[in-house]
Amino acid sequence: MVQLTISTASKPPAFARGLPVTIDIATDATVGEVKRAVQGKFPKFSSTRQRITLKGERKPLENEIKLSDVLDQKAGAWELQVKDLGPQISWKTVFLVEYFGPLLIHPLFYHFPRFWYGTDVQHSALQKYVYAFVLLHFVKRELETLYVHRFSHDTMPWINIFRNSAHYWIFGGVLVALDVYRPKYSATSPFIVNTIRDNERFLWIGAGLWAFAELSNLHTHLAFRALRPAGTRKRGIPRGYGFSLVSSPNYFFEILGWAIICGMTGSIGALIFTVFGTVTMGQWAAKKHRNYKKEFGKEYPSGRKAMIPFIF
């Protein structure tokens, strides 16, 4: 056993005014056990709200890290710092809420056009295809959240759910639905009648390409899941389908799926949603790519790009 002092990296919350505090803990204890010990001292200070760092540093220590691996074992006493992250919400809940938006909004625009456009809309085959694509895509995302994804972090500040959901609810929901289901794309519109957008072969080819992108995206998510044993944050070098070219093929295939919808419809709303998503996923992919190279060094394949094969 060793004495561990827990000081505060900032002003402590009202329910933890007793900080700093000293606890007796085993030398091979993990950071997760330290968080539970702090919660034992201050019951309202849940472990998910705590960010534990070395004294004077800002990088958080992951729950699986052992104290003996990061603290000087020759010291007579050890010290760590804790910061209150505020009320938290699970990442799984955030994802479920994000993807629920389009599943709610698209049916409202598709089935009640008179309310939005002031007239009934006889849906074209193109609108029916896009409606099916959108619902299938976001149902898939919900199911992946429940049964496939393993998250690097358990929680996030609850207030961020509004910012994170805006992209899907406003752009992927309202903007895309408002544009794609309007009379311009109806079965009687000159924009559709006797054009390639009314051609059955064109629609089937588009559907096939879209299905390829979606299934490839799912395959990538399953590959990521296989790399991380349940209950751990262990990472390995992803290999196989898609990974020979980029570090994040899941993002590439998602962009491809939405690009196909843009090409089939010519929708400005779908294009804006796709461009915003591409920029955001590009930032995520670049960060993951850098982290992979930093973590695995020369072992990581040098020829891979971050997200778009041969380009980025």
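Everything below is about the structure printed above this text.
The sections below set out a description of the structure shown in this document. Every chain begins its residue count from 1, and numbering advances along the sequence as written. The model is predicted, so local features are restricted to residues of pLDDT at least 70 and side-chain atom pairs to those at 80 or more, both for listing and for counting; the totals for chains, interfaces and linings are taken over all residues. Hydrogens are left out, water is left out, and the side-chain values use all remaining heavy atoms of the structure.

A short note on the overall build of the chain
Point 1. Runs of E in the DSSP output that reach at least two residues are strands. Runs of H or I that reach at least four are helices, and both are numbered from the N terminus. The secondary structure content of the chain amounts to nine helices and six strands.
Point 2. As a reference, a globule follows 2.2 Å times the number of residues to the power 0.38, and the radius of gyration itself is taken over C-alpha atoms. A compact globule built from 312 residues would reach a C-alpha radius of gyration of about 20 Å, whereas the chain, at 25 Å, exceeds it by more than 25%.
Point 3. Across its three principal directions, the C-alpha atoms of the chain cover 85 × 45 × 25 Å.
Point 4. Whether a residue is buried, partly exposed or exposed follows from its accessible area with a 1.4 Å probe, protein chains only, as a fraction of its type maximum: under 20%, in between, or over 50%, in that order. Residues counted as buried form 44% of the 312 residues belonging to the chain.

Focus on the pairing of strand S2 (residues 21–25)
Point 1. Every second residue of S2 is oriented toward a common face, the buried set being Val21, Ile23 and Ile25 and the non-buried set Thr22 and Asp24.
Point 2. Paired strands, in this sense, are two strands between which DSSP finds at least two bridges. Of the strand pairs in this sheet, strand S1 (residues 2–8) and S2 are connected by five bridges, and their pairing is antiparallel. From the neighbouring strand, Leu4 faces S2, where its bridge partner is Ile23.

What about the pattern of salt bridges?
Point 1. One speaks of a salt bridge when a side-chain nitrogen belonging to Lys or Arg is within 4 Å of a carboxyl oxygen belonging to Asp or Glu. In total, this model carries eight salt bridges according to the counting rule given.
Point 2. Among the salt bridges present, the one from Arg114 reaches Asp120, with a minimum N-O distance of 3.2 Å.
Point 3. According to the relative accessible area criterion, Asp120 is exposed, its value standing at 51%.
Point 4. Residues Glu254 and Arg141 are paired through a salt bridge, measuring 2.7 Å at the closest nitrogen-oxygen approach. Taken as a pair, Glu254 in helix H8 (residues 249–265) and Arg141 in helix H5 (residues 125–147) lie far apart in primary sequence, 113 residues in all. A single burial state applies to Glu254 and to Arg141, both of which are buried.
Point 5. One network of salt bridges, in which partners are shared, links Lys140, Arg141, Glu144, Glu214 and Glu254.

As for the packing of aromatic side chains
Point 1. Put simply, two rings from Phe, Tyr or Trp (the six-membered ring, in Trp's case) pair if the centres are within 6.5 Å, and we call them stacked under 30 degrees between planes, edge-to-face over 60, tilted for the rest. Applying the stated criterion to the full structure yields 28 aromatic pairs.
Point 2. Look at Tyr99 and Phe138: their rings are 6.3 Å apart centre to centre, the planes differ by 40 degrees, and that puts the pair in the tilted class. Linking Tyr99 in helix H3 (residues 91–111) with Phe138 in helix H5, this pair joins segments that are 39 residues apart in sequence. There is no split in this pair, since Tyr99 and Phe138 are both buried.
Point 3. When the ring of Tyr110 is compared with that of Tyr181, the centres are 5.4 Å apart and the planes differ by 85 degrees; the resulting orientation is edge-to-face.

Concerning the packing of H8 against helix H9 (residues 268–296)
Point 1. For helices, the axis comes from a line fit to the C-alpha atoms of the stretch in contact; other axes are also lines fit to C-alpha atoms, and the angle between any two N-to-C directions lies between 0 and 180 degrees. Relative to each other, H8 and H9 sit at 170 degrees, their axes nearing to 10 Å. The pairing of H8 with H9 is recorded here as roughly antiparallel in orientation. For the pair formed by H8 and H9, the contact residues are Tyr251, Glu254, Ile255, Trp258, Ala259, Ile261 and Cys262 on the first element and Ala270, Leu271, Phe273, Thr274, Thr278, Met281, Trp284, Ala285 and Lys288 on the second.
Point 2. Here the contact of H8 with H9 is composed, by residue class, of 12 nonpolar, two polar and two charged. Note on angle classes: values under 35 degrees are labelled roughly parallel, values over 145 roughly antiparallel, values of 65 to 115 roughly perpendicular, and the remainder oblique. For this analysis, residues touch if any pair of their heavy atoms sits within 4.5 Å. For this classification, Asp, Glu, Lys and Arg are treated as charged, while Ala, Val, Leu, Ile, Met, Phe, Trp, Tyr, Cys and Pro are nonpolar and the rest, including Gly, are polar.

Comments concerning the side chain of Glu144
Point 1. Tracing the sequence through the fold places Glu144 in helix H5.
Point 2. Its relative accessible area of 1% is what places Glu144 among the buried residues.
Point 3. Separated by 3.1 Å, the side chains of Glu144 and His221 make a polar contact.
Point 4. Aside from chain neighbours lying at most four places away, what touches Glu144 is His149, Asn217, Leu218 and His221. We define a polar contact as two N or O atoms separated by no more than 3.5 Å, with the added condition that, inside protein, one atom must be a possible hydrogen donor and the other a possible acceptor, whereas residues neighbouring each other in sequence contribute only through side-chain atom pairs.

A short note on helix H1 (residues 31–41)
Because each turn of an α-helix spans 3.6 residues, side chains separated by three or four positions end up pointing in the same direction.
Point 1. Restricting attention to buried positions, one finds in H1 the residues Val31, Gly32, Val34, Lys35 and Val38. An end-on view of H1 places all buried positions within 160 degrees of arc, on one side of the element. Summarising the geometry of H1, the exposed residues directed more than 90 degrees from the buried face are Arg36 and Gly40.
Point 2. Packing partners of the buried residues in H1 comprise S1, S2, strand S3 (50–54) and helix H2 (67–70). By arc we mean the arc of the directions from the helix axis to the C-beta atoms, nothing more.

Side note on the side chain of Asn217
Point 1. As for its position among the elements, Asn217 is in helix H7 (residues 200–227).
Point 2. At 2.5 Å, the side chain of Asn217 and the side chain of Lys140 are in polar contact.
Point 3. Within the local environment of Asn217, its side chain forms a polar contact with the backbone oxygen of Asn250, the two atoms lying 2.8 Å apart.

Section: a positive patch on the surface
Point 1. Residues Lys287, Arg290, Lys293 and Lys305 make up a contiguous surface patch of positive charge.
Point 2. Looking at the secondary structure, you find Lys287 in helix H9.
Point 3. By relative accessible area, which is 51% here, Lys287 ends up exposed. What goes into a patch is any residue over 30% in relative accessible area without a salt bridge, connected to like charges within 9 Å or, for nonpolar side chains (Val, Leu, Ile, Met, Phe, Trp, Tyr), within 5 Å. Method for areas: the Shrake-Rupley scheme with a 1.4 Å probe, in which residue coverage is limited to the protein chains shown. When charges are counted, neither His nor the chain ends are considered; positive counts come from Lys and Arg and negative counts from Asp and Glu. By convention, the point assigned to a charge is CZ for Arg, NZ for Lys, CD for Glu and CG for Asp.

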